[in-house]
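Geometric and topological summary
These are the residues of each chain, in order.
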Amino acid sequence: MLSHLPILQVILPLLAAPSCLILGRPALAWGFSFATSAAAMLISMLLLQQVWLEGPISYFLGGWEAPWGIEYCIDLLNAFLLLIVSSLSTVVLAGTRQSVAAEVEPNKQTLFYVSWLLCLAGLLGILATGDAFNVFVFLEVSSLSTYTLISLGRDRKALWASYQYLIVGTIGATFILIGIGLMYMMTGTLNMQDLAQRLPVVADTRTVFAAYAFVIVGVCLKLALFPLHLWLPNAYAYAPSAVTAFLAATATKVAVYLLIRFSFTVFGADFGAMDIPLHQLFIALGLIAVFSASLVAILQIDIKRAIAYSSVAQIGYMIIGLGLGSAAGLQATLLHLFNHALMKGALFMSLAAVALRMGSTRLDDLAGLSQRMPLTAMAFVLGGLSLIGVPLTVGFISKWYLVIATLEMGMWPVAVLILVGSLLAVMYIWRVVEVMYFRDPPASSQVSEAPVSVLLPLWLLVVANIYFGIDTALPVSVTADAAQALLGWGK
Amino acid sequence: MLIATAIGIAVNRDLLSVVMLSSIYGLLSANFFVTMDAVDVAFTEAAVGAGISPLLMFTTMAIVGRYEKLPHRWSLSALVLVSITGALLLVATMDMPAFGAPDAPAQQHVAPRYIEQSGQEVGIPNIVTSVLATYRGFDTFGEVTVIFTAGVGVLSLLMVGDRATKPLSSHLLKASQHKILRIVSKVLIAPILLFALYVQFHGDYGPGGGFQAGVIFAAAIIVYTMLFGLDSARQVIDQAWVRVMAAVGVLLYGAVGVVSMVNGGNFLDYDVLAKDPLHGQHYGIIVIELGVGITVAAVMVLIYFSFAGRLVDRGHQDD
Amino acid sequence: MTDMLLTHYNYWVVMVLMMIGFYIVIAQGNLVKKLVGLNIFQTSVFILYISAGKVSGGSAPILDDAISVYSNPLPHVLILTAIVVGIATTALGLALIIRLREAYGSAEEKDIQEQNQC
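Definitions and limits used
- Residues numbered from 1 in each chain as written.
- Chains lettered and ligands numbered in written order.
- Predicted model: local features only at pLDDT ≥ 70, side-chain atom pairs only at ≥ 80, totals over all residues.
- Heavy atoms only, no water.
- Helix = DSSP H or I, 4+ residues; strand = E, 2+ residues; numbered from the N terminus.
- Rg over C-alpha atoms; globule rule 2.2 N^0.38 Å.
- Buried < 20%, exposed > 50% of the residue type's maximum accessible area, 1.4 Å probe, protein only.
- Contact = heavy atoms within 4.5 Å.
- Lys, Arg positive; Asp, Glu negative; His and termini not counted.
- Charge placed at Lys NZ, Arg CZ, Asp CG, Glu CD.
- Pairing = 2+ DSSP bridges.
- Expected span 1.5 Å × (residues − 1).
- Bend = angle between axes of the 7 residues up to and from the residue.
- Buried area = accessible area lost by both parts, 1.4 Å probe.
- Nonpolar A, V, L, I, M, F, W, Y, C, P; charged D, E, K, R; others polar.
- Salt bridge = Lys/Arg side-chain N within 4 Å of Asp/Glu carboxyl O.
- Polar contact = N/O pair within 3.5 Å; in protein donor to acceptor, adjacent residues only side chain to side chain.
- Patch = residues over 30% accessible without salt bridge, like charges linked within 9 Å, V, L, I, M, F, W, Y side chains within 5 Å.
- Areas by Shrake-Rupley, 256 points an atom, 1.4 Å probe, with all protein chains shown as cover.
- Axes fitted to C-alpha atoms, helices over the stretch in contact; angles between N-to-C directions.
- Parallel < 35°, antiparallel > 145°, perpendicular 65-115°, else oblique.
- Phe/Tyr/Trp six-rings, centres within 6.5 Å; stacked < 30°, edge-to-face > 60°.
- Lys NZ or Arg CZ within 6 Å of the ring centre and 35° of its normal.
- Left-handed = near helix turned anticlockwise from the far one by under 90°.
- Core = buried A, V, L, I, M, F, W, Y, C linked by side-chain atoms within 4.5 Å.
- Domains from an automatic or database assignment.

Attention now moves to the overall build of chain A. When you go through chain A residue by residue, the secondary structure sums to 20 helices and two strands. The C-alpha atoms of chain A give 21 Å as radius of gyration, which agrees with the globular expectation for 491 residues (23 Å, within 12%). Projected onto its principal axes, the C-alpha positions of chain A cover 70 × 55 × 40 Å. Across the 491 residues of chain A, 70% fall into the buried class.

Take a look at the structure:
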């Protein structure tokens, strides 16, 4: 059975989704989804261990060897991401029952969990596959279920956010499809490793250059890289709270993964540098993303929306790491993928708890929250500290590695700008802290602390934020090796 | 022709004609696919581009209104963006292998094996079906999941609760007053269903297969709904049952994969389903095509019921 | 250059169609029409793939002893999948439009954005 782990990783949630629909009752559907997600997490742990000890695994679907059939190819990079996605899904799902019960209409709750499982299966499918066209198919599975999940938000603006995302997402997916088609025309294959071998021969053609451009732009739309980020704040702000926590912790990570996979594995590490200064472009866009999104975040009156803008800024940091093009930069990006999932998971889950009790996440409504919901408020503060990059949190680790990587390349202005960007994060987190801790709650408010079932997973994430900020051995060694492997593969 | 139609769509402000044109566009591209030897694709494009998609758009239009409100203004930024994309594609065509060249890389590397060996390895004449169901069977599994996902999404967006159980008489979609239409269609529905079954199981030999069959099957039910009203259709076909069928199709497909894993092969390896690999391939393909057909038909019916349900409810609000 | 025109004619049709479709998606205010544009945009990509699979003198890829040259079946398979994905997206998009119209009383981008502002 161990040899089937790569495919079980994906088909488990995939087959659980229709079963969940047949089950019907929301409570049952929640339990079933949680169990499935937990099992997926277990599988991803086993996979990571297996890859760590024995090297990459390849699995031929249908028994047809690649490139004729579709291949699942698990190396350190995607094993690491599979673990991030499935574990975050599990933790967030653990705390969502009350939140979903409060925010989603009763007769739609089962469909909510079905969509959740489909989205999880889609994301895991993108990560696990070694076939370029299969990426497109599973991208659409995850996208369509994401549109559904977002549209289930209470506000009517959720519908508009979902529609906007549908249009942008489909354009992005179609761009990727064009890119894949052009690559196929030039090489005759769809398998990623096969493409990596055959593309260098035709790398000088303008067709391959265009293919690269289409794929990168398509992925960046999905990634919400500045200036293609306009769909993200709305989508995150109006989706049901649990969905925001899930998407923020996983979906953008998968998009970054695609960017890394296509740039480094498929096209080769030094392909992008040939014709256009892609690296510099990435660094510039990343910096602009950090500053513009952070500034906008400071102005928001809704905290959920502010943190959503902060996601755009954080994606900026990841892209800077990529743009450096060095092993250290790549490692910083990979580390930040992991760490950002932890902190955004914690922040959005604490906001979900607030929304559950207060029915709102507007700044003005949070006055004196620390007296009413001390544990939730404390979780938000710790998550915020991690976001800023205070020592002893995971945020510090990512910033540390990123700054070291920039200095290694002699780009000290970039390093300074990264640190200044962190100060902006201090400002938008501090606004919230000030209101929560130094203002009196309205006398009439009868709000009580969030239920244990929400607090427990929330604090699990907070503790993870601190634990992995101190004991960095696991993520650091995995990302270091993954980064080496990526750069080695390209040569 | 295609371009002319597309321009027509761009400048027309009456949504009805836009949708009509888009349906023509679908038919034209289906025609084009036939000349490109892609008969399976043509079949599907005809069913989707000229069938399902305009049908859903008409239904939507009946709800949201027919005319665009605002006169169109040329948007400079959009033009620039579009031109850049177009230019990029133009650049891409520069170094492309010539159209139809047999020595183009696309024709060289992976594809020849499908053409030369699928006869022995899979044993059915339609290569497209071989590739679709076996070599790239997992893509098709993903495709069924996409359909299922869309069904779940539409259901969650347009669910009307249990109001369907109320005895409503919908006059909006009812053409049952037309005696001729009614009789002709009654006569037609049975053959359509039969044709669906034919397409379902004939996919091995000619163009066709689970998806097309599912669409045709759903079309029969949609015709019935149009004629006898949504409520009588809902009486014949229980919506909860359709929902279960949509899930069953995906599960059936997955089950084939799981069975082949239990039998010692990889996921979706049909060789191990029977003693003779060729028989195994054949069983596997029949069952997964059936799974595709069931899910597609169920989801299409579900989507149409959801759309039409909104329309009927609207009709009652207006009364 | 005329050589180029003859051998790449199909791809240029794709380019024009793609630009029209893309333009409708970005610039048009009506939500239904945006989806129609999206369909045109996607169909242009389908044509790109199918054109890439055509072999001169080849016939439809259904095995027959009398035929020796077949067109490439792989792009056909990919596009079958892509068409299905396309209709799934369209259906979901239309369902969203219906809900938007119910919630905002309009299916125009401008109206909805104005209402969102206040």
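Next comes the rest of the account.
In terms of regular secondary structure, chain C is built from four helices and zero strands. Ordered by position from N to C terminus, the α and β elements of chain C give α-α-α-α. Its C-alpha atoms give chain C a radius of gyration of 20 Å, more than 25% over the compact-globule value 13 Å for 118 residues. Relative to its full complement of 118 residues, chain C shows a buried share of 75%. Relative to all contacts within chain C whose residues are 6 or more apart in sequence, the contacts with residues 24 or more apart total 43%. Considering chain C, the positive charge centre built from 6 side chains and the negative charge centre built from 8 side chains are found 9 Å apart.

Residues and elements named next belong to chain A. Both faces of strand S2 (residues 71-74) are covered, namely the face carrying Glu 71 and Cys 73 and the face carrying Tyr 72 and Ile 74. Inspection of the sheet shows strand S1 (residues 57-60) paired to S2 by four bridges, in the antiparallel sense. Looking across to S2, one finds that Ser 58 is bridged to Cys 73.

Turning to helix H11 (residues 241-266) of chain A, a few remarks are in order. Side chains three or four residues apart in an α-helix point the same way, a direct result of the helix having 3.6 residues per turn. Residues and elements named next belong to chain A. With 26 residues, H11 should reach 38 Å at 1.5 Å per residue; the first-to-last C-alpha distance of 36 Å fits that figure. Along its length, H11 reaches its greatest deviation from straightness, about 40°, at Leu 247. Summarising burial for H11: 25 of the 26 residues are buried, a large majority.

Contact with chain B, which involves 53 residues of that partner, is made by 61 residues of chain A. When chain B packs against chain A, the two sides together hide about 4,900 Å² of surface, and 72% of this comes from carbon and sulfur. Among the elements that take part in the side of chain B that touches chain A, helix H8 (residues 137-158) of chain B stands out by supplying 15 residues, more than any other. Here the residues of the side of chain B that touches chain A sort into 32 nonpolar, 13 polar and eight charged.

Turning next to the side chain of Thr 129 of chain A. For Thr 129 of chain A, the location among the structural elements is in the loop between helix H5 (109-128) and helix H6 (132-151). In this structure, Thr 129 of chain A is in contact with Ile 70, Glu 71, Tyr 72, Cys 73, Asn 134, Val 135 and Met 192 of chain A, ignoring residues within four places of it in sequence.

Attention now moves to the interface of chain B and chain C. Every contact between the two is made by 94 residues of chain B and, on the other side, 77 residues of chain C. Between chain B and chain C we count two salt bridges in total. Where chain B touches chain C, the interface holds nine residue pairs in polar contact (both at pLDDT 80 or more). Taken together, the residues that form the side of chain B that touches chain C break down as 60 nonpolar, 22 polar and 12 charged.

Turning to a nonpolar patch on the surface, a few remarks are in order. All names here are of chain A. A cluster of nonpolar residues, Leu 407, Trp 412, Val 416, Val 420, Leu 423, Val 426, Trp 430 and Phe 438, forms a patch on the protein surface that exposes about 830 Å² of accessible area. The biggest single contributor to the nonpolar patch is helix H18 (residues 412-438), with seven residues. The topology assignment puts Val 416 in helix H18.

The next thing to look at is the environment of Thr 93 of chain B. Residue and element names in this part refer to chain B. Tracing the chain through its elements places Thr 93 in helix H4 (residues 76-94). The buried category is assigned to Thr 93, whose relative accessible area is 1%. A C-alpha to C-alpha distance of 26 Å links Thr 93 and Leu 27, two positions 66 residues apart in sequence.

Residues and elements named next belong to chain A. In the contact formed by helix H3 (residues 76-94) and helix H19 (residues 452-470), the axes pass within 8 Å of each other and the chain directions differ by 150°. Taken as axis vectors, H3 and H19 run roughly antiparallel relative to one another. Where H3 approaches H19, its residues Leu 88, Val 91 and Ala 94 are matched on the opposing element by Ser 453, Pro 457, Leu 460 and Leu 461. Taken together, the residues of the contact of H3 with H19 sort by class into six nonpolar, one polar and no charged.

For the structure on display, the rule yields nine salt bridges over all chains. Close ionic contact of Glu 65 of chain A with Arg 113 of chain B constitutes a salt bridge, the shortest N to O distance being 3.4 Å. With Glu 65 of chain A in the loop between S1 and S2 and Arg 113 of chain B in helix H6 (residues 111-121), this pair bridges two chains. For Glu 102 of chain C, the salt bridge identified is with Arg 310 of chain B, shortest N-O distance 2.4 Å.

The full count for this structure, using the stated rule, is 29 aromatic pairs over all chains. On the numbers, 5.2 Å between centres and 85° between planes, the contact of Tyr 467 of chain A with Phe 468 of chain A is edge-to-face. Chaining the aromatic ring pairs together yields one cluster made of Tyr 72 and Phe 138 of chain A together with Phe 138, Phe 141, Tyr 253 and Phe 267 of chain B. A cation sits over an aromatic face here: Arg 97 of chain A above Trp 30 of chain A, 5.5 Å from the ring centre. A cation over an aromatic ring shows up here: Arg 156 of chain A above the ring of Tyr 104 of chain C, its NZ or CZ 4.2 Å from the ring centre.

This part covers the side chain of Asp 194 of chain A. Of note, Asp 194 of chain A is situated in helix H8 (residues 192-202). Although buried, Asp 194 of chain A forms no salt bridge, and the nearest oppositely charged side chain, Arg 198 of chain A, lies 4.9 Å from it. A distance of 2.8 Å separates the side chain of Asp 194 of chain A from the side chain of Thr 189 of chain A, its partner in a polar contact. Those residues in contact with Asp 194 of chain A that sit more than four places away from it in its chain are Pro 67 and Thr 189 of chain A together with His 109 of chain B.

Turning our attention to the packing of helix H17 (residues 394-408) of chain A against H18 of chain A. All names here are of chain A. One way to put it is that H17 packs onto H18 with a least axis distance of 7 Å and a crossing angle of 160°. Judged on the interaxial angle alone, H18 and H17 are roughly antiparallel. Note on packing geometry: the crossing formed by H17 with H18 is right-handed. On the side of H17, the interface is formed by Lys 399, Leu 402, Val 403, Thr 406 and Leu 407, while H18 contributes Trp 412, Val 414, Ala 415, Ile 418, Leu 419 and Ser 422. Residues belonging to the contact of H17 with H18 are distributed by class as follows: eight nonpolar, two polar and one charged.

Moving on, we come to the nonpolar core. Within the largest apolar cluster, 336 residues are counted, with the highest numbers of intra-cluster contacts made by Leu 182 and Met 183 of chain A together with Phe 138, Phe 148 and Phe 267 of chain B. Residue contributions to this core reach at least three from each of two domains, namely domain 1 (1-70) and domain 2 (126-319) of chain B. Excluding residues within four positions of it along the chain, Phe 267 of chain B makes contact with Ile 7, Ile 11, Tyr 59, Leu 61 and Gly 62 of chain A together with Phe 138, Phe 141, Gly 254, Gly 257, Val 258, Ser 260 and Met 261 of chain B. Leu 287, Tyr 317, Ile 320 and Ala 405 of chain A belong to the second-largest nonpolar core, a separate cluster that totals 14 residues.

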